[in-house]
Amino acid sequence: MTARRLLHENWSLRAVPGPQLPGPQLPGSLPEQPVPATVPGCVHTDLLAARLIPDPYLDDNELALAWIGRTDWVYETTFDWDGTLAERVDLSCAGLDTVATVTLNGVEVGRTANMHRSYRFDVRSALRPGENTLRVRFDSAYGYAEGLRDVIGDRPNAYPEPFAFIRKMACNFGWDWGPTLVTAGIWQPIALETWAVARLAEVRPQVTVVDGTGRVGVRVRVERAADAPLTVDATVAGVRAEVVIPAGETVATLELIVPDPELWWPRGYGDQPRYPLDVTLRDADGQPLDTWQRRIGFRGVLLDTGEDEHGSAFTIVVNNMPIVVRGVNWIPDDVFVTRVTRDRLATRFTQAAEANVNLLRVWGGGLYETEDFYDLADEMGFLVQQDFPFACAAYPEEEPFASEVEAEAREQVVRLASHPSLVLWTGNNENIWGWHDWGWQEALGDRTWGAGYYFELLPAIVAELDPGTPYWPGSPWSGRHDLHPNDPTHGSMHIWDVWNQVDYTHYRDYRPRFVAEFGFQAPPTYSTLRRALSDEPLAPDSPGMAHHQKAGGGDEKLRRGLDAHLPAPVDFDDWHYLTQLNQARAIALGVEHFRSLRPICMGTIVWQLNDCWPVTSWAAVDGDGRRKPLWYALRRAYADRLLTVQPADDGLNVVAVNDGPAAWRSSVTVTRLTLGGEPAAKTTIDLDVAPHSAETVPLPADVVLTDQPLHELLLLEALGTGERAFWFFAEDRDIPYPTAGFDTVVESEQVASGHVTRVRVTARTILRDLVLAADRLDPTAEVDEALVTLLPGESATFTVHSAGALDASALVSRPVLRCVNDRTGA
C-alpha cells in the first residue's frame, strides 16, 4: 500500500542575504540565524511568531514589511530515514508558494514556479539511511515576475504590480481592498510517499443523472513502477464495478449505474445527500496498492443562454430547475491563507447561509479554493462559481507561462470536478472587459493578453475533463464577440459606474440578465478599527484610516454617497454609522431592484462577502469576521419572500418575490403615513405568488401621490407572514425628522457561553434605521438585528450575545444605539 509520511516538523527559516534586507526592522543576525518555521505556513507568519516583525495588518506596518516579498528565503528540516527503499519514494508537495528549488541532502530534486499546482519528485537516489536534510529555497516572487516581464514585454493591468507574470495569488500584490504582502512558503502539506508496483495518479469521476438514473463514470490513471496487470474497483451506493488494466497500460474507465439516487440540490431547493465513492487499485493477486475516496452528489447542471425578447439569458439550471442566484463574491479570507482553517470557513459559510445566500463566486484574483471549502459547500448546499485565477490584467501566453497555465488548469479541474456544488467555471475576472474598454489594445500592440486561454485552452480542458459543468469565458462576458462584453442584456455583467461615478439609485437604470459584481463601500465595525488602528482620535482621514482605504478616491466616493442621501456627519461616530448605513441601503436597493425583474434577471452576486484584513471595503463581513450593517440588509433583501416598492413610469409598484418552495398567499396593507404615524391613505393588496416566481401590482394613485413628500411615507405589511417594507418620498437629508424619542428596557442574564442581553426599544417618535453597535462595548458582542425602523408606539428587541457583561446605560446611548434622527437638530 502507498504510505504517506508528513514532513511538517522541525522546520527552520532564514533569509538569504541581500541588499533589500532592512537594518532597523530586524536584528542584524537574521540573515545567518534561522528561526523556527511552521509548515504549512509562510514567511510572514513565521516572522510574526518569532516576534521579528510587527503585525502587518495594524496601522501602516504593511509598508515597513515590503522587503519580505523581495527577499529570497530558505526553509530547512531534517528527518530520519530507516534505509528501507520501496520501488518508489516520492516527495509530494501539495503547494509551494511559489518559485522554489527543492534539494535533498544537497541534491536538487526539483524546481517550481506555480502556487496553483502540486509537484511530485522521485527522491530515491537522494535519500540516505539516518538523518536527511530537506531544503526548499524560495526566490523572490517579485524577482521572478519582473524578470519574465522584462524578457517577454510588459502588459497593462489595473495595479502597478507584476502579478500577471507569475502563477501566484494575484491579490498578494495588493488590490483596492487588500494590502501588498507578497508571501513565500510551503503553503500546503509536504510528505514522503512510498509505493510499489503502481499508484493512483488521477481519479476523475463524472456524475450524471438521466431520467432518474445516476451514472458515475470513473476514469483512472495510474503511475507505474512495474509492468504488471492491475485491477481497479469502485463502489458507490451499493453498486460495484471492476476493470483490469493490462500490463503496460495506465488508463481505465469504470461505469456504475445507480437507480433512483437521491438528488443533490442547492440550499433552499432541497437536501444535499452525498454518497461515498471508493476506488481501490490492486495488484495481480488482489492485494490493495492504493485507495481514493470522495463523497459525490447526483445532480445535473446547465447554463441557459438562450435568446429571447430581452436579449440572451444567463440562468443556472440544476436538476432541470432554473435557480435564481442570490450570491456573494468570495475573496481569500486572509492574506496568509494557511490561517484559513476549516472552522473559520464554516463560520464564514454560516454567515453566508444566514444571509440567505445560495452561491459563492470564487473570484479570479485569488485561488482555486481548498478541499475544505468545497466540502463545506457540498455539505451546506452552496453553489460555487470558480474563476480560473486571472484578474484585471493582460496575461502573457508565451512560454514558460502557457505550459504552467495548462498544467494547473488540468490538475485543478480534475480535483474539483466531482464536487456537486461546482456549477460554473469562469475563464477570468474582467480581462475581456479590460481589453475592450481600458485602453489595453493600444498598449499591447501585437502582444498576447490571455484570449487564447479564455476562448481556447480553458474551455477545451473543461470540455475534456469536466464536461458536465458549464464554462463561461469571463466575468463579465456577453456571450458573443460582436457584442460589448459587459452588455446588460446578454450574459453576465459587472456594474461599477455605480460607486465609481454615479449615485446608487442608478442601479434602477439597468435591466440585466445576471449581475456578477456590484458593490458599495463602508468602513469595518468599530471594534475592528480600534484593534487595527492606533489613531487618536479616529477620523475619516486620520493616518490609519487613510492607509486602510485602498480604493482610489474611496473617501471622496463615500462622501458623495452620503451627500446625496443623508444628513452631514458632525463627528467620526456620525460618519461611521452613516457610511455603514449608506452601504447597506445601496446594496439593498440594487438587490431588490434586480430581484423585482425576475425572470429577466436571474441572479445577483454582491461584491463582496468577506475581507482579508481590517479595511474600508465593499464587504458585508469585515476582516475580523464581524457583520457590518450590510449583512443584515442583505439577509432581508435575499430572503425567500421579498416585499419591495419599485418606481414605475406612472407611479409605484409593489413587487412580491417568492423564491420559496410554497405559494405565498397574504393580504398586504399599504398605508401612507405621516412621520408621526397618522394614516393619510390606505389600500389592501391580495397576494397569491406561486413558488419561484414574482408578482407586480401597481399601487393606486390616491395612496402614492402626496403633496407632503417631506412629511409622509409608505408602510407595507404582509398580514400573517410578517414581511414589511417602507417607501420614503424624500431623502433623509431633507426630511424634517423629529429628534429621536424612545424608551428602553435592558435585561441581562449570564449563560454558559457568557452573557445574553436583551434591549427593548419602544419608539415615541419615528426611529429611522436603528443600529445597536454593541461591539463598541465588548469586541465579542454580536447582535441579532440591525437597521430596524420603528413608528411611534412600536417596539423592537435586540438580543446581544457577549463574553462579558455590558453597561446597560451605554447600550442605549450614543454612539452605541444609533438611528438617523438621533442627532441634535436632525
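Residues numbered from 1 in each chain as written. Predicted model: local features only at pLDDT ≥ 70, side-chain atom pairs only at ≥ 80, totals over all residues. Heavy atoms only, no water.

Trainee: I'd like a rundown of the side chain of Arg768, residues and numbers included.
Mentor: Residue position: Arg768 is located in strand E42 (residues 767-772). Residue contacts for Arg768: discarding those within four places in its chain leaves Tyr577, Arg585, Phe728, Asp732, Tyr737, Thr789, Cys819, Val820 and Asn821. (Helix = DSSP H or I, 4+ residues; strand = E, 2+ residues; numbered from the N terminus. Contact = heavy atoms within 4.5 Å.)

Trainee: Describe the confidence of the model for the protein chain, and please don't skip the residues or the numbers.
Mentor: Mean pLDDT for the protein chain: 96, with 98% of residues reaching 70 or above. Between residues 25-29, whose pLDDT stays under 50, and residues either more than four places distant or in other chains, the model counts six contacts. (pLDDT = per-residue confidence, 0-100.)

Trainee: How would you sum up the sheet that holds strand E15 (residues 230-236)? Please name residues and give values.
Mentor: Taken together, the four strands give an open sheet; going across it, the order is E16-E15-E18-E19, and neighbouring strands pair in antiparallel fashion. The outermost strands of the open sheet, each flanked by one partner alone, are strand E16 (239-245) and strand E19 (288-296). Strand-to-strand, the axes of this sheet are offset by a mean angle of 15°, without reference to chain direction. Where strand E18 (residues 275-282) meets E19, eight bridges bridge the pair, whose relative direction is antiparallel. When the sheet's bridge partners are listed, Leu281 is paired in E19 with Asp290. (Pairing = 2+ DSSP bridges. Axes fitted to C-alpha atoms, helices over the stretch in contact; angles between N-to-C directions.)

Trainee: Help me get a handle on the packing of aromatic side chains, residues and values and all.
Mentor: By the definition in use, this model includes 43 aromatic pairs. By the ring-pair criterion, three or more aromatic residues cluster together here, those being Phe390, Tyr395, Phe401, Trp435, Trp449, Tyr453 and Tyr454. The lysine or arginine in question, Arg70, covers the ring of Tyr142, its NZ or CZ lying 3.8 Å from the ring centre. Over the ring of Trp631 we find Arg627, and its NZ or CZ is 4.4 Å from the ring centre. (Phe/Tyr/Trp six-rings, centres within 6.5 Å; stacked < 30°, edge-to-face > 60°. Lys NZ or Arg CZ within 6 Å of the ring centre and 35° of its normal.)

Trainee: Let's hear about the sheet that holds strand E40 (residues 742-751): which residues, and what values?
Mentor: Strands sit in the order E40-E41-E45-E43 across an open sheet of four strands; the sheet is antiparallel. Bordering the open sheet on either side are E40 and strand E43 (782-783), each of which pairs with just one other strand. Sheet topology places E43 next to strand E45 (residues 795-802); two bridges connect them, and they run antiparallel. Opposite Glu782, over in E45, you have His801 as the bridge partner.

Trainee: I'd like to hear about the pattern of salt bridges, residue by residue, with values.
Mentor: A pair can form between side chains of opposite charge whenever their charged atoms are brought close. By the definition in use, this model includes 70 salt bridges. Between Arg70 and Glu146 there is a salt bridge, with the nearest N and O atoms lying 3.0 Å from each other. Remark: Glu146 occurs in helix H3 (residues 141-152) and Arg70 occurs in the loop between helix H2 (61-64) and strand E4 (73-81); sequence separation between them is 76 residues. Overall, Arg70 belongs to the partly exposed group, its relative accessible area being 39%. One salt bridge connects Arg326 with Asp640, and the closest N-O pair in it is separated by 3.0 Å. Of this pair, Arg326 sits in strand E25 (residues 325-330) while Asp640 sits in the loop between helix H15 (629-637) and strand E33 (641-648), and the two are 314 residues apart along the sequence. One salt-bridge network, held together by shared partners, links Arg4, Arg88, Asp90, Arg120, Asp122, Arg124, Glu193, Arg199 and Glu223. (Salt bridge = Lys/Arg side-chain N within 4 Å of Asp/Glu carboxyl O. Buried < 20%, exposed > 50% of the residue type's maximum accessible area, 1.4 Å probe, protein only.)

Trainee: Summarise the packing of helix H13 (residues 554-565) against helix H14 (residues 572-596); cite the residues concerned and give the values.
Mentor: In helix packing, the relevant descriptors are the interaxial angle and the interaxial distance, both defined with respect to the helix axes. Running from amino to carboxyl end, H13 crosses H14 at an angle of 85°, the nearest separation of the two axes being 10 Å. By the angle between their directions, the pair H13 and H14 is classed as roughly perpendicular. From H13, Leu558, Gly561, Leu562 and His565 reach across to H14, where they touch Trp575, Leu578, Thr579 and Asn582. Here the residues of the contact of H13 with H14 sort into four nonpolar, four polar and no charged. (Parallel < 35°, antiparallel > 145°, perpendicular 65-115°, else oblique. Nonpolar A, V, L, I, M, F, W, Y, C, P; charged D, E, K, R; others polar.)

Trainee: How would you summarise the nonpolar core if you had to cite specific residues and measurements?
Mentor: If you look at the biggest cluster of nonpolar residues, it comprises 185 residues, and the most contacted ones within it are Trp175, Phe349, Phe388, Tyr395 and Tyr453. The element best represented in this core is H14, accounting for 12 residues. Among all residues touching Phe349, those that are not within four sequence positions of it are Trp330, Leu360, Phe373, Leu376, Ala377, Met380 and Phe382. The next biggest cluster of nonpolar side chains, apart from the first, holds 38 residues, and it includes Ala37, Leu65, Leu96 and Ile190. (Core = buried A, V, L, I, M, F, W, Y, C linked by side-chain atoms within 4.5 Å.)

Trainee: Talk me through unusual backbone geometry; I want residue IDs and the actual numbers.
Mentor: Residue Pro476 is bonded to the preceding Ser475 through a cis peptide linkage, with omega at 5°. Examined against the element boundaries, Pro476 turns out to sit in the loop between strand E29 (471-472) and strand E30 (493-495). A cis geometry characterises the amide bond from Trp607 onward to Gln608, with omega recorded as 5°. By the secondary structure assignment, Gln608 is in the loop between strand E32 (603-606) and H15. Of note in the backbone geometry, Ala237 takes a positive phi value of approximately 55° without being a glycine. On the secondary structure map, Ala237 appears in the loop between E15 and E16. Look at Ala237 and you get partly exposed, because its relative accessible area is 38%. Non-glycine residue His692 carries a positive phi angle of around 55°. Counting through the fold element by element, His692 comes out in the loop between strand E36 (679-689) and strand E37 (693-698). Exposure remark for His692: the relative accessible area of 18% places this residue in the buried category.

Trainee: Please provide a residue-by-residue account of the pairing of strand E10 (residues 130-139), values included.
Mentor: Bridging between E4 and E10 involves nine bridges; their strand directions are antiparallel. Bridge pairing links Phe79 to Asn132 in E10. Note: strand E7 (residues 99-104) against E10, six bridges, orientation antiparallel. Its bridge partner lying in E10, Ala100 is registered against Phe138.

Trainee: How would you explain the pairing of strand E14 (residues 213-224) if you had to name every residue and give the values?
Mentor: The alternating pattern of E14 places Gly214, Val216, Val218, Val220, Val222 and Arg224 on a buried face, while none of Thr213, Arg215, Gly217, Arg219, Arg221 and Glu223, on the opposite face, is buried. Two elements, strand E13 (residues 198-210) and E14, share 12 bridges in a ladder whose sense is antiparallel. Following the sheet pairing, Leu200 is matched in E14 by Val222. Connecting the antiparallel pair E13 and E14 is a turn made up of two residues, with Asp211 showing a positive phi of about 55°. Alignment of E14 against strand E17 (residues 251-259), held across nine bridges, turns out to be antiparallel. By the bridge assignment, Gly217 is partnered in E17 with Glu255.

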